[in-house]
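Coordinate analysis (summary)
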Amino acid sequence: MIRMDDVGAASKRHEVYGLTRIALGPVRLPFPGNVLWLKYLPPIKRWGPYRELEAPEWYAIIDALAKAGARMTVAITAAWVEDDGTLTPFPRKFPGAARAIREGVGAGLLEVAHHGLTHCLLAGRAFRPRLFAGNRPYHREFYEFLPPETQEANIRRALTILSEAFGAAIVTLVPPGNLLQPVTVEIARRHGLRFLSYRAPTTRDGVLPVVGDDCGVVFHDRDVVLGGVAWLHARLAALGAREIRFVRELGERLLEGAP
Ligand SMILES: [Zn+2]
């Protein structure tokens, strides 16, 4: 499988942190990379901000997949978190990209996976950049302290947004930041999600089978934004003639007990 994470996730705007160590020969010196604007400047800047992929890039991605005989699972965060904490559903925030992805799903080249509703902690505006610190710990969603009712509401709302936007059943959950709780998995199963895919060992035991990151190539939309669609071309070329399947197809195989 190849899986691209963080499509539609506002963490690309709000998750800002800087380099806090700088290598000088064999020594790693402390560096105040999170102070004020320093964290926004390359090469100190580590993650965000970066922009969302646009419709023409999506059509180029779909074209690249078709030509390579490949397919890709796209982990989409269902709602964009605005600066004031309000949520805008992905298809309303990025209608062009949503249309292109829907065509890719229709052509059997894209699987849309659930990558949370917000990809960050809304409480106390924890997701917003800080003046003197990074904010990386707040860019996950299914924290142990997030009440199960909130987790359920987020999972359900995201499922509604994604299945309506892309005209397909959503069966794969990719937990934002590789974080989820046992109760999250129970809720996911209750709402029809069938497979998990994240940085965890591949297994068919457990409440839901896990198609781990080790089953393929995992990256972020950030890689394509920064490297261009050429970056994806290079990854596809490196895979050569290897068979590439959706996460959900690998999940089915796991359940069937195939090697
Ligand atoms: Zn993510």
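Note that the coordinates shown come from a computational prediction; the quantities given were computed from them, not determined experimentally.

For the rest of this paragraph, the subject is the overall build of the protein chain. When helices and strands are counted, the protein chain shows nine helices and 10 strands. By residue count, 49% of the 259 residues in the protein chain fall in the buried class. In the protein chain, 70% of the contacts between residues at least 6 apart in sequence involve partners at least 24 apart. Surface summary for the protein chain: the accessible area is close to 12,000 Å², and the carbon and sulfur share equals 56%.

Moving on: the side chain of His115. Mapped onto the secondary structure, His115 falls in the loop between strand E7 (110-114) and helix H5 (148-166). By relative accessible area, which is 2% here, His115 ends up buried. Within polar-contact distance, the side chain of His115 engages the backbone oxygen of Val174 at 2.6 Å. Excluding anything up to four places from it in sequence, His115 contacts Asp5, Asp6, Ala75, Ile76, Thr77, Val174, Pro175 and Pro176.

Attention now goes to the packing of helix H2 (residues 55-68) against helix H4 (residues 95-106). How two helices sit against one another is set out by the angle between their axes and by the gap between those axes. Taken N-terminus to C-terminus, the directions of H2 and H4 make an angle of 15 degrees; their axes are 8 Å apart at the nearest point. Comparing the axis directions of H2 and H4 gives the class roughly parallel. The element H2 and its partner H4 pack so that their crossing is right-handed. Between H2 and H4, the residues in contact are Ala55, Trp58, Tyr59 and Ile62 and Gly96, Ala97, Arg99, Ala100, Ile101, Glu103 and Gly104, respectively.

This part takes up the coordination of the zinc ion. Asp6 (OD), His115 (NE2) and His119 (NE2) make up the full set of protein donors to the zinc ion, lying at 1.9 to 2.2 Å. Expressed as a motif, the donor residue spacing for the zinc ion is D-x108-H-x3-H. As far as burial versus exposure is concerned, His115 and His119 are alike and both buried.

Quick look at the environment of Gly251 now. Mapping Gly251 onto the fold places it in helix H9 (residues 247-256). Under the relative-accessibility criterion, Gly251 is labelled buried at 0%. For Gly251, the residues in contact, after removing those within four places along its chain, are Phe195 and Val211.

Our focus in this paragraph is the nonpolar core. Core analysis: the largest hydrophobic core is formed by 61 residues, its most contacted members being Trp58, Ile61, Met72, Ile101 and Phe166. Counting residues per element, this core draws most heavily on H5, at seven residues. Leaving out residues up to four positions away in the same chain, Ile101 has contacts with Val7, Trp58, Ile76, Phe90, Leu110, Val112 and Phe166.

What follows covers the packing of aromatic side chains. Considering all chains together, one arrives at five aromatic pairs under this definition. Between Phe90 and Phe94 the ring centres are 5.7 Å apart and the planes differ by 50 degrees, which places this aromatic pair in the tilted class. Phe90 sits in the buried class, given a relative accessible area of 1%. Summarising the aromatic geometry, the rings of Tyr143 and Phe145 are spaced 4.9 Å apart at their centres and angled 15 degrees between planes, so their arrangement reads as stacked.

About the criteria used
- Residues numbered from 1 in each chain as written.
- Predicted model: local features only at pLDDT ≥ 70, side-chain atom pairs only at ≥ 80, totals over all residues.
- Heavy atoms only, no water.
- Helix = DSSP H or I, 4+ residues; strand = E, 2+ residues; numbered from the N terminus.
- Buried < 20%, exposed > 50% of the residue type's maximum accessible area, 1.4 Å probe, protein only.
- Contact = heavy atoms within 4.5 Å.
- Areas by Shrake-Rupley, 256 points an atom, 1.4 Å probe, with all protein chains shown as cover.
- Polar contact = N/O pair within 3.5 Å; in protein donor to acceptor, adjacent residues only side chain to side chain.
- Axes fitted to C-alpha atoms, helices over the stretch in contact; angles between N-to-C directions.
- Parallel < 35°, antiparallel > 145°, perpendicular 65-115°, else oblique.
- Left-handed = near helix turned anticlockwise from the far one by under 90°.
- Donors = N, O, S within 2.8 Å, 3.2 Å for Na, K, Ca; no water.
- Core = buried A, V, L, I, M, F, W, Y, C linked by side-chain atoms within 4.5 Å.
- Phe/Tyr/Trp six-rings, centres within 6.5 Å; stacked < 30°, edge-to-face > 60°.

Read these as geometric descriptors, not functional statements.
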